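Each chain, letter by letter, is given below.
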Amino acid sequence: MCSARVAAAPAALAADGYVDFYGHASAAGGWLFCGWSRERWPEALRAGAVVALFERGRVIAETLSAWHDRPDLGRQGMGVMVFVRAVERPLGELLGLEVTIEPGQAPLRLHAVRPLVHLREGDLLGRVRPVLVRSVGADRARLAGLLSRRPFTGADTLGELSAPVQFEVDETILSPPDGLVLLGWCADPAGAVLAIRIRRGGATSAPIAERWLRTRRPDVFEAVGGKLGLADDRCGFLAFAPGCVGEIGPLYAEVELRNGEVGYKRIPLPARTGTAAIRRILGAVELAPDEIGGAFDRVLGPALAPINAARLARPRPVSEIAFGTPPEDPVCSVIVPLYGRMDFLLYQLALFSEDPGFARHELIYVLDDPPRRRELLDLAHSAHRRFGLPFRVLLLEENLGYAPANNVGLAAARGTFTCYLNSDVMPEAPGWLDRMVADLQADDTLGMAGALLLFEDGTVQHQGLTFERLPQLAAWPFPMHPGKGRLPRPPAEPLQEVEAVTGACMVLRTALARELGGFDEGFAIGDFEDSDLCLRIRAKGLRLAVDHRARLHHLERQSQVTPDRMWRFNVTLLNAWTHTRRWFATEECR
């Protein structure tokens, strides 16, 4: 019986009620508080209306309540049992509950009696179950179902449910520190499932339907679609469950039906990490235009950002091989990341060697494609023998992506200026780099200089960037190339101010690049790092310009030849999401 420790009447009336005892019911997945209140609150309260206050924090989550008579209180109040769905955490002693019935009104305060009884689960359930039998309220039946659940014992019990439910997880991926990405398929032909939660140790996720994307699974549809009554092949899912990975214990799914039944399904522990994990996740989804924004806000963005950060937090060993003797005090350090095609190094060195001014600069190649190490070094030895131009090669032990590779080069740079250059960019004539450096030397307000980049047929590839919202891509702003594909028209002045410059060829002061930390590595693999750097430079009050006298040809992405286009397209969307939230969030709220 929920008997009260009722203080003297004046002291009792000083609060709106009291909590007599409490504890955590792990099988039910939440805290249970038993006490009384002078005022009975409505059955359906808004989310967050009930707050459990502890010494070292508070718990705000889904709440259920049931009411019962308390003869010992007379007409001073009613007994109440409050369930708050949440994991058990070391928050110290309970201080009480606050219940806000209407926004703007003072909350009801149910203080914890002293000394307060904190019961273990077995004693807690034994004490509240008889009381629940004589309780009333719309939540009573559901609360009874929660408190009668059997705990997970390691066995899969979905087959024991009264409704046919199939829930299969093919793979899980850790999203540090304690989140989980799940890939699998699900069939619920009767619509019987109320919620699916992921649990391990003392940690429990929110219902994963809140962060759930449907994916195509033609293999499942062909094999069992007819038997299970599936309507189409989008029976697969990719879900993100934050805060569900405890330190010990099996990892399992808790499937709750609308009638209160619960079944369990053991799921595999995460194994894949780093770039492989990012590729697996982004390769699993194909989004319609109206799905893109929500998918990245709720699932992909929050899940992938920690995975990418953990990937880049590991040590990054770098070895260096010098070919020839670089200048002791270079004017500009030209940084060229290499990925995919290594033969571009030969073409660039052939053209650079014909530029007399290039002897004042240093050239740094960064290999971001470790399996091609031998191929690159063979080409480098051959190129140095043939062209005689000195250069250094920095060798990474794993593929880090565009921003980290360039940042490795920046750390090794010795020039007063830095030029970021793609390996598939070839100068049309000598003197291009000296012109861009001279632009910066002549004007302290110029933060970055870009070049006029042309396609092989002489039409414009880049003469500055603008930002345009694309309705088919969540209306996010994408960098666009005005005049792309047209013949270049000489401007009135060769140096034209622009909104942004492409990272295929940009020059800035090395001190500024280091002050800004180089390219932001929060952008995964490659895309949008260059426009982000430009916007950070503009935020410092500096200008950006393109020098139309610096003419180079850009083969545009021929250095990156990959057959898996879907994952690569989704990487671009991931970076567009990051870029938009950082630089254009205010505009989106208008």
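Okay, so let's go over this structure. (Residues numbered from 1 in each chain as written. Predicted model: local features only at pLDDT ≥ 70, side-chain atom pairs only at ≥ 80, totals over all residues. Heavy atoms only, no water.)

## Quick look at the packing of helix α5 (residues 274-282) against helix α6 (residues 292-313)
Note the threshold: Axes, fitted as lines to C-alpha atoms, cover a helix only where it is in contact. Angles between the N-to-C directions of the axes lie from 0 to 180 degrees. Secondary structure elements follow DSSP: runs of H or I of four or more residues count as helices, runs of E of two or more count as strands, with numbering from the N terminus. Angle categories: roughly parallel below 35 degrees, roughly antiparallel above 145, roughly perpendicular from 65 to 115, and oblique for all the rest. Here is the rule for handedness: rotate from the far helix to the near one, and if that takes an anticlockwise turn smaller than a right angle the crossing is left-handed, while a clockwise turn gives right-handed. We call two residues in contact when some of their heavy atoms are within 4.5 Å. Only Asp, Glu, Lys and Arg are considered charged in this grouping, and only Ala, Val, Leu, Ile, Met, Phe, Trp, Tyr, Cys and Pro are considered nonpolar; every other residue, Gly among them, is considered polar.
The geometry of α5 relative to α6 is characterised by a closest axis approach of 9 Å and an angle of 160° between their N-to-C directions. By the angle between their axes, α5 is roughly antiparallel relative to α6. Considering how the two elements wind past one another, α5 and α6 form a crossing that is left-handed. Between α5, through G274, T275, A277, I278, I281 and L282, and α6, the contact on the second element is made entirely by L300, L304, I307, N308 and R311. Residue composition of the contact of α5 with α6, by class: seven nonpolar, three polar and one charged.

## Details of the environment of L400
Spelled out, the test is: Burial classification: accessible surface area is computed with a 1.4 Å probe over protein chains only, and a residue below 20% of its type maximum counts as buried, one above 50% as exposed, and the rest as partly exposed.
Inspection of the secondary structure puts L400 in the loop between β20 (391-396) and α9 (402-412). Taking relative accessible area as the criterion, L400 reaches 2% and is therefore assigned buried. In sequence terms L400 and L367 are 33 residues apart; their C-alpha atoms lie 9.9 Å from each other. Every residue in contact with L400, bar those within four places of it in the chain, is listed here: R311, L312, R316 and D368.

## Structural notes on the sheet that holds strand β5 (residues 63-68)
Where strands meet in a sheet, backbone hydrogen bonds hold them as pairs that are either parallel or antiparallel. The criterion, for reference: Pairing between strands requires that DSSP locate at least two bridges from one strand to the other.
Within the open sheet, the eight strands sit side by side as β4-β3-β7-β8-β1-β2-β6-β5. Their pairing is mixed. Each having just a single partner strand, β4 (57-60) and β5 make up the two edges of the open sheet. Neighbour to neighbour, the strand axes of the sheet diverge by 25° on average, direction disregarded. When strand β3 (residues 50-54) meets β4, the two strands line up antiparallel, connected through four bridges. Residue F54 lies in a different strand from β4, and its bridge partner there is G57. Across the sheet, helix α2 (residues 121-133) lies against β1 (17-25), β2 (30-37), β5, β6 (78-85) and β8 (108-118), angled at about 125° from β1, the strand it touches most.

## Observations concerning unusual backbone geometry
That bond from R114 to P115 is cis: its omega, 0°, falls within 30 degrees of zero. Locating P115 in the fold gives a position in strand β8. For the bond running from P176 to P177, omega is 5°, close enough to zero to count as cis. Relative to the elements of secondary structure, P177 occurs in the loop between β9 (166-175) and β10 (179-187). With a phi angle near 65°, A474 is a residue other than glycine that sits in the positive phi range. For A474, the location among the structural elements is in the loop between β25 (466-470) and β26 (476-480).

## With respect to the packing of aromatic side chains
Centre distance and the angle of the planes are the two values used to describe a pair of aromatic rings. Put simply, the test is: Pairing of aromatic rings covers Phe, Tyr and Trp, the last counted by its six-membered ring, and requires centre-to-centre distances within 6.5 Å; plane angles under 30 degrees mean stacked, over 60 mean edge-to-face, and any other angle means tilted. Criterion for a charge above a ring: Arg CZ or Lys NZ at most 6 Å from the ring centre, at most 35 degrees from the ring normal.
Considering all chains together, one arrives at 23 aromatic pairs under this definition. Aromatic pair Y402 and F519: ring centres 5.3 Å apart, planes at 55°, arrangement tilted. Placement of the pair is Y402 in helix α9 and F519 in the loop between α11 (510-515) and α12 (529-539), with a sequence separation of 117 residues. For the pair Y402 and F519, a shared accessibility class is recorded, and that class is buried. Site record: aromatic cluster; members linked through ring pairs are Y22, W31, F33 and F54. A cation over a ring is seen here: R127 above F21, with NZ or CZ 4.0 Å from the ring centre.

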